[in-house]
Amino acid sequence: MRLTPPTWTRRWPSALVVNLATLGPVGGRLPAPGTWGSLVGVGYFWFGFAGLSATWTVFLSALAAYVAVAICGEAEIRLRRQDPGDVVLDECVAIPWCFLGWPALVAVVPAWVALLAGFALFRFFDIAKPWGIARLQRLPGGWGVVVDDLAAALAACATLHLGVWLWTIIGR
């Protein structure tokens, strides 16, 4: 099976594509844009997903990731750069995946601790790209831009749950 990038954003104006992909000034004007895009993602999770079930979180996050694949892939074309650093929509839409199982996390630690730890772990895995995450960037178009962030978010989620589990055993 060949993974084909979506093309439905090709008719959109360049300014719209680039502004959505960079989250406006977040990716285009701030230093460390990936970190700021991830921070926007924490807010996106908190206000859009924290109260949802895991099923709804996965469904809506997968839908948002698909939209991000199309927008980020088209932004690569318009900006004439592969996985440009100022494109931060991918970080933003990946963050909710860090917090799958949210009720189990906040049953043990305060919400702010879970948010901070998830954010930090995501940034670590997004930058370090261990366990083959770096290879995912080679996927075509926007798939390569978004899927590595989803993998980093899932690694952060697993690590966060492991940490909370260890805290319940040895930390109390």
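These notes cover the structure that comes with them. These numbers come from a predicted model, not from an experiment. (Residues numbered from 1 in each chain as written. Predicted model: local features only at pLDDT ≥ 70, side-chain atom pairs only at ≥ 80, totals over all residues. Heavy atoms only, no water.)

### Topic: the overall build of the chain
Helix and strand counts for the chain stand at eight helices and zero strands. Overall, the chain shows an N-to-C arrangement of helices and strands of α-α-α-α-α-α-α-α. For the chain, whose C-alpha radius of gyration is 16 Å, the value lies close to the compact-globule estimate of 16 Å for 172 residues. Here the C-alpha coordinates of the chain stretch approximately 55 × 35 × 30 Å along the principal axes. For the chain, the residues scored as buried account for 44% of the 172 residues in total. A separation of at least 24 residues holds for 76% of the contacts in the chain among residues at least 6 apart in sequence. Entry remark: accessible area of the chain is about 8900 Å², with carbon and sulfur atoms responsible for 69%. In the chain, which carries 12 positive and 9 negative side-chain charges, the distance between the mean positions of the two groups comes to 3 Å. (Helix = DSSP H or I, 4+ residues; strand = E, 2+ residues; numbered from the N terminus. Rg over C-alpha atoms; globule rule 2.2 N^0.38 Å. Buried < 20%, exposed > 50% of the residue type's maximum accessible area, 1.4 Å probe, protein only. Contact = heavy atoms within 4.5 Å. Areas by Shrake-Rupley, 256 points an atom, 1.4 Å probe, with all protein chains shown as cover. Lys, Arg positive; Asp, Glu negative; His and termini not counted. Charge placed at Lys NZ, Arg CZ, Asp CG, Glu CD.)

### Points about helix α4 (residues 54-79)
Between its terminal C-alpha atoms α4 stretches 35 Å, which fits the 38 Å expected from 26 residues at 1.5 Å a residue. Once α4 ends, the next one or two residues include R80, with phi positive near 60°. (Expected span 1.5 Å × (residues − 1).)

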